[in-house]
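Here are the chains, one letter per residue:
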Amino acid sequence: MKIFQDRLGAKLNILFLIVLFLPLIVVTVLSIIYFSNKIEEEAVLKMESDMKVASLIYDVQLSEVKNLAKTIGTDRAFAVLFPLKLSKKMGRELQKLEDQNNVDMILAIDKNFKVMARSNDPERFGDELTHPLVELALKGLVISETESVSPSTVQAEGIQTGDVEHNWLFLTGVAPIYDRTGKSVLGAILVRKSLNRDTEFVSEIHSMTNVDVGVFERTHLISSTPGSQLPSVATPIQKRQVRLESGGFISMFQPIFDASRQPIGSLLLRTEGQHLQARNTAILFLVVIGGVGLFLINFIRLYIRKTILVPIEKINKGAKVIGDGMYNHKLNIESGDEIGDLAQSFNDMADEIKLNLEKVKHAARMEAELKTAHTVQEFFIPSQPPELDGVDIASFYQSASETGGDWYAFNPRGDTSRLDIMVGDVTGHGVASALITAMVYSCFETISTYYHAMRHIGIEEAHLLHPSYVLRILNDLIFAATKGQFTMTLFFSSLDLKTRELFFINASHIPCYIWRKQGFSNGERLAPTLPRSGTLGLHQEKEFQMETMQLEPGDVLIWMSDGLIENMNPQKKMFGLNRFKWMIRDLDGMGAEEIKDMIIQRVFDFYAGEEMEDDVTLIVAKLAETMEPTKLV
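Residues numbered from 1 in each chain as written. Predicted model: local features only at pLDDT ≥ 70, side-chain atom pairs only at ≥ 80, totals over all residues. Heavy atoms only, no water.

Caption draft 1: The sheet that holds strand β18 (residues 547-550), seen in detail. Pairing within the open sheet is antiparallel, and its five strands lie in the order β12-β13-β14-β15-β18. Whereas interior strands pair on both sides, the edge strands pair on one side only; in this sheet they are β12 (406-412) and β18. The mean angle between the axes of side-by-side strands here comes to 15°, regardless of whether they run parallel or antiparallel. The sheet contact formed by strand β15 (residues 501-507) and β18 spans four bridges and is antiparallel. In the sheet register, L502 faces β18, and the bridge partner there is M549. Strands in contact with helix α11 (residues 467-482) are β14 (488-496) and β15; relative to β14, the strand with the most contacts, it is inclined by about 160°. (Pairing = 2+ DSSP bridges. Helix = DSSP H or I, 4+ residues; strand = E, 2+ residues; numbered from the N terminus. Axes fitted to C-alpha atoms, helices over the stretch in contact; angles between N-to-C directions. Contact = heavy atoms within 4.5 Å.)

Next up, the structure:
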């Protein structure tokens with residue numbers, strides 16, 4: 001035992017070193033690297049998200065300028081004033097709109113590019129303003145863009161620039177001015193909003209993102225968050241950039257484009273280096289966790305060596321004994337923890353294996369008995385139909401389990417022209433149903449044998465195989481044996497091949513369907529045999545009434561069990577009687593075997609491999625088309 005402990009203890013030390021100590025150290029180092037990068041990446045992602053918010057606010061500002069121009073251009077009152085050339089009145093109205101919407105300038109321009117009204121100076125009008133966006137508005141377009149405008153141009157338009165030497169950035173929107181009908185363009189509205197002094201725009205971004213915001217015209221800072229320490233000059237950019245600066249600052253630049261997609265400025269978001277503090281905290285935390293982990297690993301190693309190795313060896317030896325087939329061997333380990341539970345599990349496993357071996361033996365015996373029952377049942381299911389002049393017969397049978405509840409039989413009456421055909425179905429399937437069918441088979445064979453024996457010695461006992469007599473005997477037999485717990489449907493038919501008459505009794509079974517090439521009196525080519533009588537075995541001493549139907553040359557008769565049309569496909573849909581009738585609507589030129597094969601092929605294609613829930617029986621008989629009917633003497 002000591003040798004085992006020393007050998008396993010050494011392996012345990014090596015295992016802990018390789019599997020836990022070294023991986024923990026490696027994982028700690030990699031985690032520090034990973035989380036450092038991850039924190040920085042998340043800070044950049046946060047800045048990306050903030051820039052999306054800033055871009056959205058910028059786009060909203062552009063849309064507001066455009067919508068303001070559109071609103072003025074489509075205003076009915078303005079459409080009345082503009083043709084009258086009331087420039088001062090229009091200027092004062094535009095001045096009100098300028099104050100209300102916090103823009104720098106609103107101009108009304110006619111189709112000759114003459115300023116008809118000016119919000120920033122209502123007394124000034126009549127000067128010419130040629131502008132590319134105005135040309136587009138006179139063509140009916142509503143559009144907005146960002147413009148870079150020189151200080152001299154801004155001053156010429158009456159906007160006070162102060163001492164600014166670099167260009168101004170404007171959000172410019174234009175829209176056509178329509179007449180009162182809303183169809184003809186009278187002129188254009190031009191709205192300008194400066195980014196140079198729009199602290200409201202910058203403040204809105206700052207309040208949404210909690211970062212410093214700056215707006216640059218090309219390289220010059222023109223607007224920023226109050227109190228921020230942003231650089232006054234920036235490098236021109238063509239696309240969005242992220243910069244990690246000294247001191248832990250993260251800056252993100254978003255270019256501002258004019259209508260021709262040329263960069264005329266940039267939007268700057270800048271955050272302080274809080275991520276550095278988070279990174280240092282994460283590193284310290286991981287170092288502490290790694291140290292605690294090393295201590296716990298060493299403690300666990302010592303605990304396992306002291307309390308687990310010996311019990312495991314006992315379990316190992318006991319398992320080998322059980323593996324050798326000594327299932328009565330019991331492991332005796334006094335432990336209240338999982339080791340004791342494991343030992344008890346081995347004991348329970350030995351008992352379970354012993355019990356399962358008995359179950360396997362029993363299941364093997366049951367399987368052998370079921371195979372024997374299946375073989376016996378095959379004896380009273382006809383292997384093939386009889387071959388008789390005047391009729392072509394084909395049959396098919398498949399049970400849903402090893403033993404089934406369907407049964408059918410053929411009984412040629414020897415020296416007469418009669419052929420009895422019976423199709424029955426006991427409720428359910430399996431061994432119990434198979435026993436009922438075996439009993440019915442034995443009873444009918446006894447009656448048939450006695451009938452033929454009597455005729456052989458010259459005694460006429462025709463009533464023995466009369467359908468009503470046979471069904472009454474079978475009904476009483478099934479009732480007496482099962483007391484109504486099992487019932488059987490049965491279609492008993494007797495076909496006279498000389499007179500082509502069909503004598504039948506239907507005991508609640510699916511009717512026999514008759515297909516006639518020339519059609520019946522109602523014009524249909526398919527008809528069921530009606531009516532039905534009661535189920536066999538449900539009541540004692542029940543009488544059954546026989547029916548007769550005249551057949552014609554070439555008629556096709558089809559008997560089946562309900563399993564053929566009631567079994568389902570994987571979508572849980574039954575084949576159904578309507579699909580069956582549609583399938584056999586045209587049987588011209590087909591023999592009994594061909595009809596049987598066609599029906600079975602299509603039915604099982606529909607099942608698509610789904611396990612059958614009921615047995616399937618099918619019999620097809622086709623009368624010859626050349627025989628002339630003659631009465632039986």
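Text resumes after the structure shown.
Caption draft 2: Expanded view of the pairing of strand β9 (residues 250-257). Counting buried positions over the eight residues of β9 gives eight, a clear majority of the element. Along β9, one buried face is formed by I250, M252, Q254 and I256 and the opposite face, lined by S251, F253, P255 and F257, is buried too. By the bridge criterion, four bridges tie strand β8 (residues 241-244) to β9 in an arrangement that is antiparallel. Each residue of the ladder has a partner; that of V242, found in β9, is M252. Looking at chain direction, β9 and strand β10 (residues 263-271) are connected through eight bridges and run antiparallel. Residue pairing across strands places F257 opposite P263, the latter belonging to β10. Here β9 folds back onto β10, and the loop between the two strands holds five residues, one of which, R261, carries a positive phi near 65°. (Buried < 20%, exposed > 50% of the residue type's maximum accessible area, 1.4 Å probe, protein only.)

Caption draft 3: Molecular detail of the packing of aromatic side chains. If you walk through the whole model with that rule in mind, you get 12 aromatic pairs. Arranged with centres 6.2 Å apart and planes meeting at 70°, the rings of F444 and F492 form a pair that is edge-to-face. Of this pair, F444 sits in helix α10 (residues 431-456) while F492 is found in strand β14, placing the two residues 48 residues apart along the sequence. Accessibility assignment for this pair places F444 and F492 in one class, buried. Plain terms: the ring middles of F575 and F606 are 5.3 Å apart, the flat faces sit at 85° to each other, and that makes the pair edge-to-face. Of the two residues, F575 sits in the loop between α12 (563-566) and α13 (577-583) while F606 sits in helix α14 (residues 592-607), which places them 31 residues apart along the sequence. Cluster of aromatic residues (ring-pair linked, three or more members): F396, F604 and Y607. (Phe/Tyr/Trp six-rings, centres within 6.5 Å; stacked < 30°, edge-to-face > 60°.)

Caption draft 4: Highlighting the nonpolar core. Ranked by size, the top nonpolar core spans 48 residues in total, and within it W407, L490, L536 and W559 carry the most contacts. Listed in part, the 41 residues of the second largest apolar core include F201, V215, I256 and I264. (Core = buried A, V, L, I, M, F, W, Y, C linked by side-chain atoms within 4.5 Å.)

Caption draft 5: Highlighting unusual backbone geometry. Cis geometry marks the peptide bond from L530 to P531; its omega dihedral reads 0°. On the secondary structure map, P531 appears in the loop between β17 (526-528) and β18. Despite not being glycine, K483 shows a phi value in the positive range, around 55°. Among the secondary structure elements, K483 is positioned in the loop between α11 and β14. In the Ramachandran plot, R500 falls in the positive-phi region, its phi being about 55° despite a non-glycine side chain. Here R500 lies in the loop between β14 and β15. Of the residues examined, R500 reaches a relative accessible area of 6% and is grouped as buried.

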